[in-house]
Amino acid sequence: MSSSSGTLLLVLILAALTACSAPPSTQISIVGAKLNDGTGKPVIEYSVVVVAEGKVKAAGRQQDVPVPKEGEIVGGMNSTIEALDGGTVEPGKPANLRIVGALNRTMRNGEWVK
């Protein structure tokens, strides 16, 4: 095998390994919904909830929580985010929530189920 053939083979192997590596974690940002986080705090009228790796990464008022550029962005206007099963929607907690209103979706451990 020539040197250039060996180099080409190495490049192809590295490309295949890169393609087989784990995909980046998905991140979901829900923007503009009313947030009833289940903690007893006042409802936030215009919120941002960021979910990554199955957990709430950030949750709060739009002016306080930046919307990441990467990942899925879900418009939540005219909808309300609520915790499922008596839980809470706050950083570090499992992302088990429901969006009701103009948008009706359910999330369990950071994955949309409905």
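For the structure itself, consult the block above.
About the criteria used
Residues numbered from 1 in each chain as written. Predicted model: local features only at pLDDT ≥ 70, side-chain atom pairs only at ≥ 80, totals over all residues. Heavy atoms only, no water. Core = buried A, V, L, I, M, F, W, Y, C linked by side-chain atoms within 4.5 Å. Buried < 20%, exposed > 50% of the residue type's maximum accessible area, 1.4 Å probe, protein only. Helix = DSSP H or I, 4+ residues; strand = E, 2+ residues; numbered from the N terminus. Pairing = 2+ DSSP bridges. Axes fitted to C-alpha atoms, helices over the stretch in contact; angles between N-to-C directions.

Asks: Describe the nonpolar core, and please don't skip the residues or the numbers.
Replies: General note: in soluble globular proteins, nonpolar side chains tend to be found buried as a group. Core analysis: the largest hydrophobic core is formed by 17 residues, its most contacted members being Ile 30, Val 49, Ile 81, Val 89 and Leu 97. Among the elements of the structure, strand S1 (27-31), strand S3 (47-52), strand S6 (79-83) and strand S7 (97-101) are those that each provide at least two residues to this core. Membership of the second largest hydrophobic core comes to five residues, among which are Val 48, Val 50, Ala 58 and Val 65.

Asks: Any details on the pairing of strand S8 (residues 105-108)? Residues and values, ideally.
Replies: Here S7 runs beside S8; their pairing, made up of three bridges, is antiparallel. Considered in S8, the bridge of Leu 97 is made with Met 107. Here S7 folds back onto S8, and the loop between the two strands holds three residues. Examined bridge by bridge, S8 and strand S9 (residues 111-112) share two bridges and lie antiparallel to one another. Considered in S9, the bridge of Arg 108 is made with Glu 111. Joining the antiparallel neighbours S8 and S9 is a turn of two residues, in which Asn 109 adopts a positive phi near 50°.

Asks: Can you lay out unusual backbone geometry for me, pointing to particular residues and giving the numbers?
Replies: One non-glycine residue, Glu 53, adopts positive backbone phi at about 55°. Tracing the backbone shows Glu 53 in the loop between S3 and strand S4 (55-61). Residue Glu 53 is classed as exposed on the basis of its relative accessible area of 66%. The backbone of Asn 109 sits at a positive phi, close to 50°, despite the residue not being glycine. Assignment of secondary structure puts Asn 109 in the loop between S8 and S9. For Asn 109, a relative accessible area of 48% puts it in the partly exposed group.

Asks: Account for the sheet that holds S1, naming residues and giving values.
Replies: An order of S4-S3-S1-S5 is seen for the four strands of this open sheet, with the pairing classed as mixed. Taken across any chain shown, the strands that pair with only one partner, and hence form the sheet edges, are S4 and strand S5 (72-75). Averaged over all adjacent pairs, the angle separating strand axes in this sheet is 15°, with direction ignored. As judged from the four bridges shared by S1 and S5, these two strands associate in the parallel manner. Across the sheet, the residue bridging to Ile 28 is Glu 72, located in S5.

Asks: Lay out the sheet that holds S8 in plain terms, naming residues and giving numbers.
Replies: Spatial ordering of the open sheet is given by S2-S6-S7-S8-S9, a layout of five strands whose pairing is mixed. Edge positions in the open sheet fall to strand S2 (34-36) and S9, since each of these has one partner strand only. Two elements, S6 and S7, share five bridges in a ladder whose sense is antiparallel. Bridging across to S7, Ala 83 finds its partner in Leu 97.

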